[in-house]
Amino acid sequence: MSTINRKLLPMVLLLAFPTILCAQDLKLPPGVEKLAAKAKETVEVNMDGPMLQWASKFLSSEDPEEKKAAKLVANLKGIYVRSFEFSEEGAYSAPDVEAFRAQFRSPEWSRVVGVRSEHDGDNVDVFFKLENEKMAGIVIIAAEPKELTFVNIVGPLEVDQLADLGGEFGIPKLKTKPPSSKPVAKADKGEQK
Amino acid sequence: MTETNKDPNLIEDALRNALCRDDAPEGFAVRVLARAEQENSSAHKAQRASWLSIFSQPLVRWVAFATVSICLVIGGVHYRKLQRQRAEGEAAKAQLMLALRIAGSKLQLAKSKVNEINQSSPEPQPQNKSPRSRS
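Just so it is clear, the structure is predicted and the values come from calculations on it, not from any experiment.

Novice: Help me understand the overall build of chain A, please; the structure alone is not making it clear to me.
Specialist: Each helix and strand in chain A was counted, giving 6 helices and 6 strands. Beginning at the N terminus, the succession of helices and strands in chain A can be written as α-α-β-α-α-β-α-β-β-β-β-α. Once local pairs closer than 6 in sequence are excluded, the contacts in chain A between residues at least 24 apart make up 63%.

Novice: I tried to follow the sheet that holds strand β6 (residues 147-154) of chain A on my own but got confused; where do I start?
Specialist: The pairing of strands in a sheet comes from backbone hydrogen bonds and takes either a parallel or an antiparallel form. Residues and elements named next belong to chain A. The sheet built from 6 strands is open, its strands ordered β1-β2-β6-β5-β4-β3 with antiparallel pairing. For this open sheet the edge positions go to β1 (41-48) and β3 (109-116), each flanked by a neighbour on one side alone. Adjacent strand axes in the sheet meet at a mean angle of 5 degrees, parallel and antiparallel pairs treated alike. Seen against the sheet, helix α3 (residues 49-56) touches β1 and β2 (78-85) and runs at an angle of roughly 100 degrees to β1.

Novice: Even after reading the chapter, I still don't get the nonpolar core, so can you show me in this structure?
Specialist: Across soluble globular proteins, nonpolar side chains show a tendency to be buried alongside one another. One finds Ile-79 and Ile-140 of chain A together with Leu-96, Ala-99, Ala-103 and Ala-110 of chain B to be the most contacted residues of the largest nonpolar core, which totals 43 residues. If one sorts the elements of this core by residue count, helix α4 (residues 58-120) of chain B sits on top with 9 residues. Not counting the four nearest positions on each side in its chain, Ala-110 of chain B is found in contact with Val-113, Val-115, Val-124, Val-126 and Ile-140 of chain A.

Novice: How do you make sense of the confidence of the model for chain B when you look at a structure like this?
Specialist: Low pLDDT marks stretches whose predicted atomic positions should not be read closely. All names here are of chain B. Considering every residue of chain B, the mean pLDDT works out to 81; 84% of them sit at 70 or more. Summarising per-element confidence for chain B, the mean pLDDT is lowest in helix α1 (residues 3-6) (59) and highest in α4 (90). The model gives residues 125-135 a pLDDT under 50, and that stretch makes 8 contacts with residues more than four places away or in other chains. Scoring the predicted complex yields pTM 0.63 and, for the interface, ipTM 0.72.

Novice: I'm lost on the packing of helix α4 (residues 64-73) of chain A against α4 of chain B in this one. Help?
Specialist: Helix packing for two helices is described by the angle between their axes and how far apart those axes are. Here α4 of chain A crosses α4 of chain B at 85 degrees, and the two axes come no closer than 11 Å. By the angle class used here, α4 of chain A and α4 of chain B are roughly perpendicular. When α4 of chain A is examined against α4 of chain B, the residues Ala-69, Leu-72 and Val-73 of chain A are found in contact with a partner set consisting of Leu-96, Met-97 and Leu-100 of chain B. Of the residues contributing to the contact of α4 of chain A with α4 of chain B, the split by class is 6 nonpolar, no polar and no charged.

How each quantity is defined
- Position numbers for residues start from 1 in each chain and track the written sequence from start to end.
- Lettering for chains starts from A, numbering for ligands starts from 1, and both go in the order in which the items are written.
- Note on the predicted model: pLDDT of at least 70 is required for a residue's local features to be given, and 80 or more for side-chain atom pairs to be given and counted; whole-chain, interface and lining totals, by contrast, use all residues.
- Strands are runs of DSSP state E lasting at least 2 residues, helices are runs of H or I lasting at least 4, and numbering of each runs from the N terminus.
- We call two residues in contact whenever the C-beta atoms placed from their backbones are within 7 Å.
- A pair of strands is labelled paired if DSSP reports no fewer than 2 bridges between them.
- Simply put, an axis is a line fit to the C-alpha atoms, just over the touching stretch for a helix, and the angle between two N-to-C directions goes from 0 to 180 degrees.
- By definition, a nonpolar core groups buried Ala, Val, Leu, Ile, Met, Phe, Trp, Tyr and Cys residues that are joined through C-beta atoms within 7 Å.
- Burial is judged by counting the other C-beta atoms within 10 Å of a residue's own C-beta: 20 or more makes it buried, 12 or fewer makes it exposed, and any count in between marks it as partly exposed, with every C-beta position built from the backbone.
- Along the chain, pLDDT gives the predictor's confidence residue by residue, from 0 to 100.
- Each angle is binned into one of four classes, with values under 35 degrees roughly parallel, values over 145 roughly antiparallel, values of 65 to 115 roughly perpendicular, and all other values oblique.
- Residues are grouped as follows: nonpolar covers Ala, Val, Leu, Ile, Met, Phe, Trp, Tyr, Cys and Pro; charged covers Asp, Glu, Lys and Arg; every other residue, Gly included, is treated as polar.

And the structure:
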């Protein structure tokens, strides 16, 4: 019996490893962390579940913005953000970003938005993680000429909460250009890579 | 025998003189009241002194001093801990709001780009004049 266990153990570990890996935070490519040295401004936020719950205790229920934020993070397991702002263009390379994107080419991740804009150089990818037809996480990779941002939100998110996330928090809603301005972006909905 | 014993009238006179009504000396009532008040206050003092007398012992004094000092130190440490926790909580809240703002703005960016495409999709795009290529 013990011999079987000894034989099975490596197999079990081997099978369990991807699951363990998925449960952990998504790793940024090593090169991306080095970008902090080049960046004019760096934002790094690492908040796991307990930290989120603790921080949400300090959110005021009287402030409408903070009230929405408290509702939003109530069931989240983590928020991880890396944002680099550079003084010049070309501070990061496309492979740096591609290495990060590659992590989401798995069946559990769905690429719902992929924008490649040669006009203004804004490239945005949004990946959803679905579990039992429910959203279990979202990853946003925004590669702009002078800014590179990775956002990883782990946990169940409602679609309406996501919409709130987009239009709230003091960020003015971006106005869409009129159709005559010639679109230069490409969006992939539901694409799996 | 004295003269009074001999003469009963003399005894009577002597008694009458001794027991006759005499006015109190001047200031007697004031002195009595002052004395009574003094005695009353001294009784209070004695009572207070008996309660505070436990601190007359050096050991008790030191124990009391140490207890008060420990209470003050514990209170101060607890207060500082609460202050620190509050500051850390506020910092965590600020981080959380920053993360949500960044996530929100990037989602908004993606949304606006998608909207751009949706609005422009009905227009046919000639292949030789692709708007995606920079000229």
